[in-house]
Amino acid sequence: MTRVLLVANSTIMRAGLSALMANNSSLEVVGSVTNGEMLLKNEQLQPDVVLLVWDGEELIFDGEFQVSGMVVLVEDWQEVSIRNWLRNGVQGILPLQATGDEIVGAISAVALGLNVLHPDVIESLLSALPATAKERDNGKGILTSREVEVLGMLASGQGNKAIARRLHISEHTVKFHIASIFSKLDVSSRTEAVIKGAKDGLILL
């Protein structure tokens, strides 16, 4: 059972999402609150996933905000600080018009530690990245074949333990490879590394 905290300033929106969650036996709504109440209620209720309807207000992240995952529903891509959200732990970004199945699927995937990005989000991120590998290579070097292999596994949503088992290496070595990938691609999250790797033709999404 995945515990979900619903966050939206609109009472109607919260009611609709609550009804959607009620139709799925694998999801349990532990709270339904406004954006301003999110931090406090998250600490009190400790949900597995926060489902947030973004209405333009700035999202505030601090060191005390700990949640397994967050899915954000947003209407206007142009106003979204996507990169900042991804750096601060948002794992799912969907359009406000997403279907019920898409929302439920995103919540379930995020609860498992996966990232869920709408194609429009990926396109927005790709457009902001350097256009060529030459621009990407800022003197830190290109990825090794093993690093490309690890990057491909990150793209498939595999965690450090799974990567270590598959490559027959230690988790420490996996962490070293990931840190090297982040440095060479000049990114700060797995999601950004995967997107930038795809942009540069290193992997296929």
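- The name recorded for the protein chain in an unreviewed UniProt entry is Response regulator transcription factor, from Aerosakkonema funiforme FACHB-1375.

## Structural notes on the overall build of the protein chain
Right, so step 1: In terms of regular secondary structure, the protein chain is built from ten helices and six strands.
Right, so step 2: Burial statistics for the protein chain: of 205 residues in total, 42% are counted as buried.
Right, so step 3: Once local pairs closer than 6 in sequence are excluded, the contacts in the protein chain between residues at least 24 apart make up 58%.
Right, so step 4: Carbon and sulfur atoms provide 51% of the accessible area of the protein chain, an area that totals close to 10600 Å².

## A few points about the sheet that holds strand E6 (residues 116–117)
Right, so step 1: In space, the six strands of this open sheet follow the order E2-E1-E3-E4-E5-E6, with parallel pairing throughout. The open sheet has two edge strands with one neighbour each: strand E2 (27–33) and E6.
Right, so step 2: Bridge analysis of strand E3 (residues 49–53) against strand E4 (residues 69–74) gives five bridges, and the strand direction is parallel. Looking at E4, one finds that valine 50 is bridged to methionine 70.
Right, so step 3: Lying on the sheet, helix H1 (residues 11–22) is in contact with strand E1 (2–7), E2, E3 and E4; it crosses E2 at an angle near 170°.
Right, so step 4: Packing of helix H2 (residues 38–45) onto the sheet brings it into contact with E1, E2, E3 and E4, and relative to E1 it is tilted by some 165°.

What counts and how
The numbering scheme is per chain: residues are counted from 1 as the chain's sequence reads. Local features in a predicted model are, by the rule used here, given only for residues with pLDDT of at least 70; side-chain atom pairs are given and counted only at 80 or more, and totals for whole chains, interfaces and linings are based on all residues. As a rule here, side-chain values come from all non-hydrogen atoms in the structure, and water together with hydrogens is ignored. Numbered from the N terminus, helices here are DSSP runs of H or I no shorter than four residues, and strands are runs of E no shorter than two. Think of it in three bands: residues with accessible area under 20% of the maximum for their type are buried, residues over 50% are exposed, and the middle band is partly exposed, with areas taken using a 1.4 Å probe on protein chains only. It only takes one pair of heavy atoms within 4.5 Å for two residues to be counted as in contact. Surface exposure here means Shrake-Rupley accessible area, sampled with a 1.4 Å probe, where a residue is shielded only by the protein chains that are shown. Strand pairing is assigned whenever DSSP identifies at least 2 bridges connecting the two strands. Axes, fitted as lines to C-alpha atoms, cover a helix only where it is in contact. Angles between the N-to-C directions of the axes lie from 0 to 180 degrees.

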